[in-house]
Amino acid sequence: MNQQVTIEAEQVGDYASLIQLLDCLGASNVANRRRLFYTLFPDEDTPMPMWARPMLEHDTIFARHKYPKHLEFFEAGKKYRERGMLSGNRVGKTLSGGGYELAAHLTGEYPHWWPGRRFKRPITAWACGKTNETVRDILQTTLLGPLYTQPNGKKLVEGTGVIPGDKIGRVAWSNFTDLVDTIYIKHITGRWSQLGFKSYERGRGAFEGTARHVILLDEEPPEDIYGECVIRTATTNGIVMLTFTSLDGYTDVVEKFMPQPDTGIDMEA
């Protein structure tokens, strides 16, 4: 209980001053920019708000029925613990695929139309990518927005990523420059979910030891790390999500998500 109060106090103090300073610098609609999650997958096509255009680079936020593959990916979470979204570049697999679902699980704020898996309590999660640089520059920015440094030198994340900015709590930084190690996200229950960031270059050992409810693997992992992530979610009945472009061909990890050939053998015979 004391930890929760401390985290919340830090959140309010740090981010209230951040918003005030950004307003003074002329950054309009700061509050709206920190609520990107709530604008995605609307019922009908919606004109893109001016504040969202630097993040989404379109003129329209399209209705969710125009994203059948995304919806299929979400819905599969009710049945499958392991899922892969294999797609080309720049089609929204990180932001509106794995990132959007991860934000829903961390906050417990599932949209009214949500067809997939739901967690009733705060979760522990990892967001993972190939290198420290790509985790920081792509995955961390997509989820949390860019960094901001206060006049006193303290670093914060802007909260303009897909995780709602007003849900962001205490941040612990890694030894790698500007990379978040662990961040706390306010859950709808009033308690806190925990999100950690990891890179594949740290090796399998960095993925051992602790259970997780949700693991997002953005870009294809080595097979041993993938297997370790499946183990981490076993005791929680958790989920592993992969969002990647298959740049290395038909690997062992890719094969796990491909339709299996018909052997012609009736297994029930």
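Residues numbered from 1 in each chain as written. Predicted model: local features only at pLDDT ≥ 70, side-chain atom pairs only at ≥ 80, totals over all residues. Heavy atoms only, no water.

Undergrad: Please clarify how the sheet that holds strand β11 (residues 239-244) should be interpreted in this entry.
TA: Read from one edge of the open sheet, seven strands run β3-β11-β10-β4-β9-β8-β7, paired in mixed fashion. Pairing within the sheet leaves two strands with one partner each, and these edge strands are β3 (82-86) and β7 (168-173). The sheet shows a mean angle of 15 degrees between the axes of neighbouring strands, direction not considered. Relative to strand β10 (residues 214-218), strand β4 (residues 124-129) is paired through four bridges, and the arrangement is parallel. Bridging from a neighbouring strand, C128 pairs with L217 of β10. Helix α5 (residues 94-107) rests against β3, β4, β8 (180-186), β9 (192-199), β10 and β11 of the sheet, and its axis sits at about 155 degrees to β11. (Pairing = 2+ DSSP bridges. Helix = DSSP H or I, 4+ residues; strand = E, 2+ residues; numbered from the N terminus. Axes fitted to C-alpha atoms, helices over the stretch in contact; angles between N-to-C directions. Contact = heavy atoms within 4.5 Å.)

Undergrad: I tried to follow the environment of L102 on my own but got confused; where do I start?
TA: Along the chain, the position of L102 falls in helix α5. Here L102 falls in the buried class, since its relative accessible area comes to 0%. In sequence terms L102 and V162 are 60 residues apart; their C-alpha atoms lie 9.1 Å from each other. Those residues in contact with L102 that sit more than four places away from it in its chain are A125, A127, L143, L195, V214, L216 and M241. (Buried < 20%, exposed > 50% of the residue type's maximum accessible area, 1.4 Å probe, protein only.)

Undergrad: In this structure, what is going on with the side chain of N132? I would like to understand it.
TA: Relative to the assigned elements, N132 resides in helix α6 (residues 132-144). Polar contacts involving the side chain of N132 include one to the side chain of E201, which spans 3.0 Å. Dropping the residues within four chain positions of it, N132 is found in contact with F176, L179, S199, E201 and R202. (Polar contact = N/O pair within 3.5 Å; in protein donor to acceptor, adjacent residues only side chain to side chain.)

Undergrad: Teacher, can you tell me more about the packing of α5 against α6 here?
TA: Packed helix pairs are specified by the crossing angle of their axes together with the interaxial distance, meaning the distance between the axes. It is the contact of α5 with α6, at a shortest axis distance of 10 Å, that shows an interaxial angle of 60 degrees. The two elements α5 and α6 cross, and the hand of that crossing is right-handed. Residues T94, L95, G99 and L102 of α5 pack against L139, T142 and L143 of α6. Of the residues assigned to the contact of α5 with α6, the class counts are four nonpolar, three polar and no charged. (Left-handed = near helix turned anticlockwise from the far one by under 90°. Nonpolar A, V, L, I, M, F, W, Y, C, P; charged D, E, K, R; others polar.)

Undergrad: Help me understand the environment of N32 in this model?
TA: Looking at the secondary structure, you find N32 in helix α2 (residues 30-33). As a C-alpha pair, N32 and A52 span 20 residues in sequence and 8.4 Å in three-dimensional space.

Undergrad: How do you make sense of the confidence of the model for the protein when you look at a structure like this?
TA: In low-pLDDT regions, the fine details of the predicted coordinates are not to be read closely. Here the protein averages 84 in pLDDT, while 83% of its residues score no lower than 70. Element-level pLDDT for the protein is lowest in helix α1 (residues 2-24), with a mean of 45, against a maximum mean of 98 in β9. Within the model, the stretch residues 1-13 combines pLDDT values under 50 with 18 contacts to residues more than four positions away or in other chains. Taken together, the stretch residues 23-27 has pLDDT below 50 and engages in three contacts with residues farther than four places along the chain or on a different chain. (pLDDT = per-residue confidence, 0-100.)

Undergrad: For this particular structure, what's the right way to read unusual backbone geometry?
TA: Excluding glycine, residues mostly have negative phi values, and the peptide bonds linking residues are mostly trans. One non-glycine residue, F41, adopts positive backbone phi at about 55 degrees. Residue position: F41 is located in the loop between α2 and β1 (46-47). Its identity is not glycine, yet N237 carries a phi of approximately 55 degrees, on the positive side. With respect to the helices, strands and loops of the structure, N237 is situated in the loop between α7 (223-232) and β11.

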